[in-house]
Amino acid sequence: MRYCPHCGAKVEDNAINCPNCFKELSRVNITTSAGWQPRGSGRSPTIAVLLAIVPGLFGLWGIGHFYLGRWERGIMFLITGLVLYLLVLGSSGLMDIPLGFIVGAACMAIFALIWLAGFIFQAFEAYALAR
Ligand SMILES: [Zn+2]
């Protein structure tokens, strides 16, 4: 079964003119059924960003990606976010050791900055993928 490129009506494979709009059907312009699917993910960018930001603030990244069905990217972000979260917590643990304060504080600041950048990145990507 083919689809008319002008109105989207189903037409016979050997039809020369569309039975619905009567326009001529050229071989080149015939679209498949996939050509009439809505463009983009069909998901709300707002919900995708909210799902990326709200759980993301608590260290759970990639939830926006899960909402969009991007499981592999979502799991990658989820693991990255949790690892960075643990690194920040681990660095703060260093600060309890005498002389470890400066090293611990520096590591914590660096990991926190990486965490923040990754957090913003995954929220932006969720938005971009949803559009
Ligand atoms: Zn038509």
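What this report covers is the structure whose coordinates are included nearby. (Residues numbered from 1 in each chain as written. Predicted model: local features only at pLDDT ≥ 70, side-chain atom pairs only at ≥ 80, totals over all residues.)

## Digging into the overall build of the protein chain
For clarity, the cut-off: Numbering of helices and strands runs from the N terminus; a helix is a DSSP stretch of H or I covering at least four residues, while a strand is a stretch of E covering at least two. By definition, residue pairs are in contact when their C-beta atoms, positioned from the backbone, come within 7 Å.
Per the secondary structure count, the protein chain includes four helices and two strands. Seen in sequence order, the protein chain has helices and strands lined up from the N terminus as β-β-α-α-α-α. Put simply, of all contacts in the protein chain between residues at least 6 apart along the chain, 44% involve residues at least 24 apart.

## Describing the environment of His6
Under the convention used in this document: To sort residues by burial, count the other C-beta atoms lying within 10 Å of each one's C-beta; a count of 20 or more means buried, 12 or fewer means exposed, and anything in between means partly exposed. C-beta atoms are built from the backbone.
Relative to the assigned elements, His6 resides in the loop between strand E1 (2-3) and strand E2 (10-11). The class of His6 is partly exposed, set by 14 C-beta atoms lying within 10 Å. A sequence separation of twelve residues divides His6 from Cys18, and the C-alpha atoms of the two residues are 8.6 Å apart. Setting aside its immediate chain neighbours within four residues, His6 contacts Cys18, Cys21 and Lys23.

## Quick notes on the nonpolar core
Rules: Each nonpolar core consists of buried Ala, Val, Leu, Ile, Met, Phe, Trp, Tyr and Cys residues. Their C-beta atoms, within 7 Å, join them into a set.
Judged by nonpolar contacts, Ala48, Leu51, Ala52, Ile63, Tyr67, Leu68, Ala123, Ala126, Leu129 and Ala130 together constitute the single largest core of ten residues. Broken down by secondary-structure element, the contributors of at least two residues to this core are helix H1 (45-57), helix H2 (63-67) and helix H4 (100-130). Considering every element that reaches this core, the biggest residue donor is H4, with four residues.

## Observations concerning the packing of H1 against H4
What counts, and what does not: Lines fitted to the C-alpha atoms define the axes, with helices restricted to the stretch that makes contact. Angles between their N-to-C directions range from 0 to 180 degrees. Angle categories are assigned with fixed cut-offs, so that under 35 degrees is roughly parallel, over 145 is roughly antiparallel, 65 to 115 is roughly perpendicular, and the rest are oblique. We call a crossing left-handed when the near helix sits turned anticlockwise from the far one by less than a right angle, and right-handed when that turn is clockwise. Side-chain classes follow a simple rule in which Ala, Val, Leu, Ile, Met, Phe, Trp, Tyr, Cys and Pro form the nonpolar group, Asp, Glu, Lys and Arg form the charged group, and the remainder, Gly included, forms the polar group.
At a minimum axis distance of 8 Å, the contact between H1 and H4 shows a crossing angle of 165°. Taken together, the axes of H1 and H4 are roughly antiparallel relative to one another. The hand of the H1/H4 crossing is right-handed. Listed contacts from H4 to Pro45, Ala48, Val49, Ala52, Ile53 and Gly56 of H1 are Phe119, Gln122, Ala123, Ala126, Tyr127 and Ala130. Within the contact of H1 with H4, the residues separate by chemical class into ten nonpolar, two polar and no charged.

## Examining H1
Note the cut-off: Take the number of residues in a helix, subtract one, and multiply by 1.5 Å to get its expected span. Think of it as the arc spanned by the lines of direction from the helix axis to the C-beta atoms.
Taking 1.5 Å of rise per residue, the 13 residues of H1 would be expected to cover 18 Å, and the 18 Å separating its terminal C-alpha atoms lies within 8% of that figure. Within H1 the residues assigned to the buried category are Ala48, Leu51, Ala52 and Gly56. Buried positions in H1, seen along its axis, are confined to an arc of 105° and lie on one side of it. Looking at H1, the residues exposed on the side facing more than 90 degrees away from the buried face are Thr46 and Leu57.

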